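Results of the structural survey
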Amino acid sequence: MKLPVLSLILFSLCMHQAQAQSEVFLCVDERGNKEYKNTGITRGCKKIELPGMTIIATPKRAPVAVSGATARSDSGDFPKIDSGTQKARDSDRRQILLDELKSEEGKLTVLKKDYSGGEPERLGDESNYAKYLARVAGMKEEIGRTEKNIEALKRELGNLK
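Below: a short report on this structure. (Residues numbered from 1 in each chain as written. Predicted model: local features only at pLDDT ≥ 70, side-chain atom pairs only at ≥ 80, totals over all residues. Heavy atoms only, no water.)

The next thing to look at is the side chain of threonine 146. Relative to the elements of secondary structure, threonine 146 occurs in helix 3 (residues 129-159). For threonine 146, the residues in contact, after removing those within four places along its chain, are Glu104, Lys107, Leu108 and Leu111. (Helix = DSSP H or I, 4+ residues; strand = E, 2+ residues; numbered from the N terminus. Contact = heavy atoms within 4.5 Å.)

So, in structure tokens, the structure goes:
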């Protein structure tokens, strides 16, 4: 007998608390400043009736039909591609990487020639020695970047099947 009465009291307290949280009061002070509060105990407060919250459930999405070589299997795996198409893609990728590697190696050769062991020729507009040192430092950084690019391209080529 005590359990139903106790649960009824707890339920009514929870409902009262939920109702108190939903009340909003607009309070205006003597200077005309508006303030929104959850209690209307101060002077100049009026209870505001807010519209109820409407929640609209999103419709379920239908699965997209996929056809051809990219059809998905029932297990939800990635699309399957026939081996001929994949070999052609791999061949194209290898050729692109080789072309880029050749380009970077040519660039490195030119950069090292211009750098000439850390003592490149001074240009006519470099009357200030600091300008010359800044250009040399930039050249050294560019050589380092190009060498890292070459290493990355070689690594990528090594990863190909």
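Moving on, we come to the nonpolar core. The biggest cluster of nonpolar side chains holds 13 residues, and the ones touching the most others in it are Leu97, Leu101, Tyr115, Ile143 and Leu157. Per-element accounting of this core gives the leading share, seven residues, to helix 3. The contacts of leucine 97, once residues within four sequence positions are left out, are Leu153, Glu156, Leu157 and Leu160. (Core = buried A, V, L, I, M, F, W, Y, C linked by side-chain atoms within 4.5 Å. Buried < 20%, exposed > 50% of the residue type's maximum accessible area, 1.4 Å probe, protein only.)

What follows concerns the packing of helix 2 (residues 83-115) against helix 3. At a closest axis distance of 9 Å, the pairing of helix 2 and helix 3 adopts a crossing angle of 155 degrees. One element, helix 2, and the other, helix 3, form an angle in the roughly antiparallel class. For the pair helix 2 and helix 3, the sense of crossing is left-handed. Taken together, the residues that form the contact of helix 2 with helix 3 break down as 12 nonpolar, two polar and 13 charged. (Axes fitted to C-alpha atoms, helices over the stretch in contact; angles between N-to-C directions. Parallel < 35°, antiparallel > 145°, perpendicular 65-115°, else oblique. Left-handed = near helix turned anticlockwise from the far one by under 90°. Nonpolar A, V, L, I, M, F, W, Y, C, P; charged D, E, K, R; others polar.)

Along the chain, the position of alanine 137 falls in helix 3. For the pair alanine 137 and tyrosine 115, spaced 22 residues apart in the sequence, the C-alpha separation amounts to 9.9 Å.

Attention now goes to the side chain of glutamate 104. Here glutamate 104 is to be found in helix 2. One buried charged residue, glutamate 104, remains without a salt bridge, the closest side chain of opposite sign being lysine 107 at 4.6 Å. Residues contacting glutamate 104, with those up to four places away along its chain left out, are Thr146, Asn149, Ile150 and Leu153. (Lys, Arg positive; Asp, Glu negative; His and termini not counted. Salt bridge = Lys/Arg side-chain N within 4 Å of Asp/Glu carboxyl O.)

Moving on to the pattern of salt bridges. Summed over all chains, the structure comprises five salt bridges. With a closest N to O distance of 3.5 Å, lysine 112 and glutamate 147 form a salt bridge. Of this pair, lysine 112 sits in helix 2 while glutamate 147 sits in helix 3, and the two are 35 residues apart along the sequence. Of the residues examined, lysine 112 reaches a relative accessible area of 45% and is grouped as partly exposed. Here arginine 145 and glutamate 142 are joined by a salt bridge, their closest N and O atoms 2.6 Å apart. Here arginine 145 pairs with glutamate 142, and both are found in helix 3, just three residues apart, close to one helical turn. The class of arginine 145 is partly exposed, set by a relative accessible area of 45%.

Nothing here speaks to function; it is geometry throughout.
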